[in-house]
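Residues per chain, in single letters:
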Amino acid sequence: MASGKAFLGSVLGRFLFREATVDQVRDVSPRFRWMELVGAGLRDVHWNAGDKVQVFLPGLGMRTYTPLAWDAVRGATQLLVYLHGNSPGAEWGRNVRVGDRCQFMGPRGSLPLAALQGPVVLFGDETSFAVAHSLRNLRAGVGGVEQVFEVSSRAESDGVLKEFHLSGSAVIERTPDEAHLTAVAERLRVALQQRPGANLVMTGRAQAIQALRSRLRADGVGGAQKVKAYWSAGKSGLD
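How each quantity is defined
Residues numbered from 1 in each chain as written. Predicted model: local features only at pLDDT ≥ 70, side-chain atom pairs only at ≥ 80, totals over all residues. Heavy atoms only, no water. Phe/Tyr/Trp six-rings, centres within 6.5 Å; stacked < 30°, edge-to-face > 60°. Helix = DSSP H or I, 4+ residues; strand = E, 2+ residues; numbered from the N terminus. Buried < 20%, exposed > 50% of the residue type's maximum accessible area, 1.4 Å probe, protein only. Expected span 1.5 Å × (residues − 1). Contact = heavy atoms within 4.5 Å. Pairing = 2+ DSSP bridges. Axes fitted to C-alpha atoms, helices over the stretch in contact; angles between N-to-C directions. Polar contact = N/O pair within 3.5 Å; in protein donor to acceptor, adjacent residues only side chain to side chain. Parallel < 35°, antiparallel > 145°, perpendicular 65-115°, else oblique. Left-handed = near helix turned anticlockwise from the far one by under 90°. Nonpolar A, V, L, I, M, F, W, Y, C, P; charged D, E, K, R; others polar.

Caption draft 1: Local environment of the packing of aromatic side chains. With the rule as written, the count across this model stands at six aromatic pairs. For the ring pair tyrosine 65 and tryptophan 92, a centre distance of 5.8 Å and an interplane angle of 40° mean the geometry is tilted. Of this pair, tyrosine 65 sits in strand β4 (residues 61-65) while tryptophan 92 is found in helix α2 (residues 88-95), placing the two residues 27 residues apart along the sequence. Judged by relative accessible area, which is 11%, tyrosine 65 ranks as buried. Residue tryptophan 92 is classed as buried on the basis of its relative accessible area, which comes to 16%. Taken together, the aromatic side chains of Phe32, Tyr82, Phe129 and Phe149 make up a single cluster linked through ring pairs.

Next comes the structure, spelled out in C-alpha cells:
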C-alpha cells in the first residue's frame, strides 16, 4: 500500500516537482552509481553546495540526495547514489536507466557550507561522499578541509573517493560492536586540535553522530558544529 507521503506526492507532484530525464548512468563501483539528470526545469536554478533534492519514487515517497554539481545553464545535475541493501532508494538507483523520467523537489537548503569560515573537519559515511565532494569544490584554492569517514568497505570506498578527488580522506571500516568509533573519534580529535577554530560538520548515520559527539565532549573537544543525520538504523526517509 502506498504511504501517505507517496499519495500526497503523486497528487501534488505536477505542481511542485521538477521534471528531469536520466541522461547518463555509470557504475562507479558495485555499490555506487553516478547519474546525470537533465531537463528544462533545471535551468536558471540557484544551487548552493550542501543543498538537497528529494526524488519522488511512485508508491514509496521521497528519497533525499545531495547533488554533486548543478549546471544551471544546460539544465543538469549529478547524483551519486549509494546502493545499500534493498531500501527503496537503493532499488531505484540500481534499476534506473538512461531515458527514465523522474520528478524531484529542490534544490533546498540542507547544509549551508558556503557560510563556513575557516578550516572544516567533516565526518560522514558513504551517504556523505557527495557533500564532501561539493565541499572540496567549494573550497578549492582555500583548503583547510579534513574528512573522516566510517564505511562498510574501505577498499571500495577508497576507489570511489579517489575518483571524486577525495583520496586524502581518512577511511575507517565499521565493526559490528561499534569499536571502530574509538578510532574515528581519535582522528576527529586530532584534526580539530591541529586546526584551532575549525568547524566540525557531522553527517551520515544518526547513531554514529550521537556517539561521536558524546566522546568528543568527554575529551573536552569543542568548537562550532553543524549536524545533519542522513539516515538512522531502523528508520527510512529520515531527511
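Caption draft 2: Region of interest: helix α5 (residues 180-194). Between its first and last C-alpha, α5 extends 22 Å over 15 residues, near the 21 Å set by a 1.5 Å rise per residue. Restricting attention to buried positions, one finds in α5 the residues His180, Leu181, Val184, Ala185, Leu188, Arg189, Ala191 and Leu192. At its buried positions, α5 is contacted by β8 (120-124), β9 (145-151), β10 (170-173), β11 (199-205) and α6 (206-218).

Caption draft 3: Local environment of the sheet that holds β9. What the five strands build is an open sheet, ordered β10-β9-β8-β11-β12; its pairing is parallel. One side of each edge strand has no neighbouring strand; the edge strands of this open sheet are β10 and β12 (225-231). Pairs of neighbouring strands in the sheet enclose a mean axial angle of 10°, with direction left out of account. Pairing analysis gives six bridges linking β11 to β12, with the strands arranged parallel. Among the inter-strand pairings, valine 201 is bridged to a residue of β12, identified as lysine 226. Against the sheet, helix α3 (residues 129-138) touches β8, β9 and β12, its axis set at about 170° to β9. Along the sheet face, α5 touches β8, β9, β10 and β11 and points at about 175° away from the line of β9.

Caption draft 4: Layout of the environment of arginine 139. Summarising the element assignment, arginine 139 is placed in the loop between α3 and β9. Between the C-alpha atoms of arginine 139 and leucine 116, which are 23 residues apart in sequence, the distance is 10.0 Å. In this view, arginine 139 contacts Leu116, Gly118, Pro119, Val120, Gly144 and Val145; residues no more than four positions away in its chain are not counted. A polar contact of 2.5 Å, which involves the side chain of arginine 139, links it to the backbone oxygen of glycine 118.

Caption draft 5: Layout of the sheet that holds strand β5 (residues 69-71). Strand order in the open sheet made by the seven strands is β4-β3-β7-β1-β2-β6-β5, with antiparallel pairing throughout. Because the sheet does not close on itself, it has two edges, and the strands there are β4 and β5. Each neighbouring strand pair of the sheet contributes to a mean axis angle of 35°, computed without reference to strand direction. Pairing geometry for strand β2 (residues 32-38) and strand β6 (residues 76-82), over seven bridges, is antiparallel.

Caption draft 6: The arrangement of the packing of α5 against α6 in detail. Where α5 contacts α6, the two axes come as close as 10 Å, and the packing angle between them is 55°. Classed by the angle they form, the pair α5 and α6 counts as oblique. α5 and α6 meet at a crossing whose hand is right-handed. Of the residues in α6, those touching α5 at Leu181, Thr182, Val184, Ala185, Leu188 and Arg189 are Ala208, Ala211, Leu212, Arg215 and Leu216. Its residues assigned to classes, the contact of α5 with α6 comprises eight nonpolar, one polar and two charged.

Caption draft 7: Representation of the pairing of β4. A large share of β4 lies buried, amounting to four of its five residues. Bridge count for strand β3 (residues 52-57) against β4 is five bridges, and the pairing is antiparallel. Across the sheet, residue glutamine 54 finds its bridge partner in β4, namely threonine 64. Connecting the antiparallel pair β3 and β4 is a turn made up of three residues, with glycine 59 showing a positive phi of about 80°.

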